[in-house]
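One letter stands for each residue in the lines below.
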Amino acid sequence: MNRLDALRVIDRLFAEHLLIVTCGATARELAAISCRPNHLPLLDSMGLTSAVGLGVALSHPGPVGVIDGDGSILMGFSVLPTLACYAPANLTVIVLDNGQHASADGMPSQAAQVDIAGAADGLGLVTVRVDGPDELGSAVSTALTSHGFHLILAKIETGNTAGIPFRLDDPVVMADQFRLAADRLRRSGVAGAAGA
Amino acid sequence: MKASNAFLDALVAGMLDWGVTDFVYVPSSHSAPVIRGLEAAGVRPIMANREEEAVGVAGGMRLAGAKVAIVMQDNGFGNALTALTTFAQAYHVGFPIYANTRGGLGEYNSMIQSISEPVPALLRAIGIRVETLGVSDPVDVWRLSARAAAELSTMQHRPVVTLFEALHPALEAAL
């Protein structure tokens, strides 16, 4: 499974839910699939994605997703115990793990040597490991229909997809669209899972 | 709502006047009375391990509509600079941050002033408005300023930092 395969699955299942997306090629490749107002890419805040997703989930009644990377979650690793402490039932964190910083010249990440999912397990988080798009889809669907926080670690191939343009959108506009989408979802009662 | 003294009580009261629903904090002995005052008032506490994490969590809560504040120490702004700039400032996510100052009268840590002293200049250099509250300010000003800083942050869609003087509770008790 390459990153685009994984992103297609996540985009489809989070088409009507709030989703926070990590920076670099992940945000760009998701934009090549779709640009939804309810999906917020953090274009230059590496290490912050899961913290922002946690905050959104704590204040929003419906399902919230996070697409993080192995390098990004390692950079902001202090959020893992915080996720374990608060574990909002409406939050699903999906870590796309290619074992490298693909947007930083492909340098290996520490995930090539350490087990992120094992650390999450040790903190008491419900953790699922997947390898292919069908498994990923099944894990995300389960997370969305069950009451409880899930961390899904999806192994993906190394490298970025060639020919994907940079995202030059104004972050202020994206944030405003996201706020409006969150408000719309809250008013429409698209919940699916209860908030924390 | 009882904090350690009239000044910190007033800070908590000002936040409550604004209608704070949640606060994200990084543990601090100096800010503990504020944290406990907010908890006692029924404001939901979220504890973060690092200050940039607090910015992320609070920013996410704000994007989802919460009236959220951060309570921390000023020496944690070094950790938080990239999150404040690339996320809160760049995406116009406004929330108030209340940070006790360190390195001044009553300080017992010999190196902390090396980060605390330049914090106001660091914050202004990245375009973040800084308000200050000291013991020479009337208590009423603490309350009004705490509320006004929060209102300003949400109106301007930017973080606004209030740096407040607070002695370590043990030192204060000895006075």
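Digging into the overall build of chain B
(1) Moving on: Looking only at helices and strands, one finds eight helices and six strands in chain B.
(2) Moving on: When its helices and strands are written in sequence order, chain B yields α-β-α-β-α-β-α-β-α-α-β-α-β-α.
(3) Moving on: Once the C-alpha set of chain B is aligned to its principal axes, its extents read approximately 45 × 35 × 30 Å.
(4) Moving on: The buried share among the 175 residues of chain B stands at 51%.
(5) Moving on: Intrachain contacts of chain B at a sequence separation of at least 6 include 77% that bridge at least 24 residues.

Some details on the overall build of chain A
(1) Moving on: Broken down by element type, chain A carries eight helices and eight strands.
(2) Moving on: Its C-alpha atoms give chain A a radius of gyration of 15 Å, within 12% of the compact-globule value 16 Å for 196 residues.
(3) Moving on: When burial is assessed residue by residue, chain A has 50% of its 196 residues classed as buried.
(4) Moving on: Across chain A, the fraction of contacts at a sequence separation of at least 24, relative to all contacts at a separation of at least 6, is 75%.

Remarks on the sheet that holds strand S4 (residues 91-97) of chain A
All names here are of chain A.
(1) Moving on: What the six strands build is an open sheet, ordered S2-S1-S3-S4-S8-S7; its pairing is parallel. The open sheet has two edge strands with one neighbour each: strand S2 (39-41) and strand S7 (127-130). On average, each strand axis in the sheet is tilted by 15° relative to the strand beside it, whichever way the strands run.
(2) Moving on: Bridging between strand S1 (residues 18-21) and S2 involves three bridges; their strand directions are parallel. Looking across to S2, one finds that Leu19 is bridged to His39.
(3) Moving on: Across the sheet, helix H8 (residues 171-188) lies against S1 and S2, angled at about 150° from S2, the strand it touches most.

Overview of the nonpolar core
Residue and element names in this part refer to chain B.
(1) Moving on: Core analysis: the biggest nonpolar cluster contains 115 residues, and Leu11 and Ile70 have the highest contact counts within it.
(2) Moving on: With seven residues, helix H1 (residues 6-18) is the single largest residue contributor to this core.
(3) Moving on: What Leu11 contacts, discounting residues up to four positions off in sequence, is Val34, Tyr98, Trp142, Ala146 and Phe164.

Looking at the interface of chain A and chain B
(1) Moving on: Each partner contributes residues to the interface: chain A has 26 residues there, and chain B has 23 residues.
(2) Moving on: Contributing elements (two or more residues each) for the side of chain A that touches chain B: helix H3 (49-59), helix H5 (79-86) and H8 of chain A.
(3) Moving on: Broken down by element, the side of chain A that touches chain B gets its largest block of residues, eight residues, from H3(A).
(4) Moving on: The residue makeup of the side of chain A that touches chain B, split by class, is 15 nonpolar, eight polar and three charged.

Focus on the packing of H3(A) against helix H3 (residues 51-63) of chain B
(1) Moving on: One can describe the packing of H3(A) onto H3(B) by two numbers: an axis separation of 6 Å at closest approach and a directional angle of 40°. The orientation of H3(A) with respect to H3(B), classified from their angle, is oblique. Once H3(A) is placed against H3(B), the crossing between them reads as right-handed. Residue-level inspection shows Ala51(A), Val52(A), Gly53(A), Leu54(A), Gly55(A), Val56(A), Leu58(A) and Ser59(A) of H3(A) in contact with H3(B), the latter providing Glu53(B), Gly56(B), Val57(B), Ala58(B), Gly59(B), Gly60(B), Met61(B) and Leu63(B).
(2) Moving on: Its residues placed into classes, the contact of H3(A) with H3(B) shows nine nonpolar, six polar and one charged.

Some words on the pairing of strand S5 (residues 129-133) of chain B
(1) Moving on: Sheet topology places S5(B) next to strand S6 (residues 160-164) of chain B; five bridges connect them, and they run parallel. Bridged to Thr132(B) within S6(B) is Leu163(B).

Brief notes about unusual backbone geometry
Most peptide bonds take the trans form, and the phi angle of most residues other than glycine is negative.
(1) Moving on: Backbone geometry at Ala87(A) places phi at a positive 35°, although glycine is not the residue there.
(2) Moving on: Residue position: Ala87(A) is located in the loop between H5 and S4.
(3) Moving on: Although it is not a glycine, His92(B) adopts a positive phi angle of roughly 55°.
(4) Moving on: The topology assignment puts His92(B) in the loop between helix H4 (77-89) and strand S4 (96-100).

Describing the environment of Ala102(A)
Residue and element names in this part refer to chain A.
(1) Moving on: As for its placement among the helices and strands, Ala102 is situated in the loop between strand S5 (100-101) and strand S6 (107-108).
(2) Moving on: In this structure Ala102 comes out as buried when scored by C-beta crowding, with 24 C-beta atoms within 10 Å.
(3) Moving on: For the pair Ala102 and Gly69, spaced 33 residues apart in sequence, the C-alpha separation works out to 9.9 Å.

Looking at the packing of helix H1 (residues 3-13) of chain A against helix H2 (residues 25-33) of chain A
Residues and elements named next belong to chain A.
(1) Moving on: Running from amino to carboxyl end, H1 crosses H2 at an angle of 60°, the nearest separation of the two axes being 10 Å. One way to sum up the angle between H1 and H2 is to call them oblique. Considering only the axes of H1 and H2, their crossing is right-handed. Touching Arg3, Leu4, Leu7, Arg8 and Asp11 of H1 are Thr26, Glu29, Leu30 and Ile33, all from H2.
(2) Moving on: Each residue belonging to the contact of H1 with H2 can be placed in one class, and the counts come to four nonpolar, one polar and four charged.

Things to note about the confidence of the model for chain A
Detailed conclusions should not be drawn from predicted coordinates in areas where pLDDT is low.
(1) Moving on: The share of residues in chain A with pLDDT of 70 or more is 96%, and the mean pLDDT across the chain is 93.
(2) Moving on: Below a pLDDT of 50 lies the segment residues 192-196 of chain A, which in the model reaches 23 contacts outside its immediate sequence neighbourhood of four places, other chains included.

Concerning the pairing of S4(A)
All names here are of chain A.
(1) Moving on: With seven of seven residues buried, S4 is to be regarded as a mostly interior element.
(2) Moving on: Across the two faces of S4 the burial is the same, with Leu91, Val93, Val95 and Asp97 and Thr92, Ile94 and Leu96 all buried.
(3) Moving on: Both strand S3 (residues 64-69) and S4 contribute to a ladder of six bridges, which runs parallel. Bridging from a neighbouring strand, Ile67 pairs with Ile94 of S4.

What counts, and where the lines are drawn
- Residues numbered from 1 in each chain as written.
- Chains lettered and ligands numbered in written order.
- Predicted model: local features only at pLDDT ≥ 70, side-chain atom pairs only at ≥ 80, totals over all residues.
- Helix = DSSP H or I, 4+ residues; strand = E, 2+ residues; numbered from the N terminus.
- Buried ≥ 20, exposed ≤ 12 C-beta atoms within 10 Å, placed from the backbone.
- Contact = placed C-beta atoms within 7 Å.
- Rg over C-alpha atoms; globule rule 2.2 N^0.38 Å.
- Pairing = 2+ DSSP bridges.
- Axes fitted to C-alpha atoms, helices over the stretch in contact; angles between N-to-C directions.
- Core = buried A, V, L, I, M, F, W, Y, C linked by C-beta atoms within 7 Å.
- Nonpolar A, V, L, I, M, F, W, Y, C, P; charged D, E, K, R; others polar.
- Parallel < 35°, antiparallel > 145°, perpendicular 65-115°, else oblique.
- Left-handed = near helix turned anticlockwise from the far one by under 90°.
- pLDDT = per-residue confidence, 0-100.

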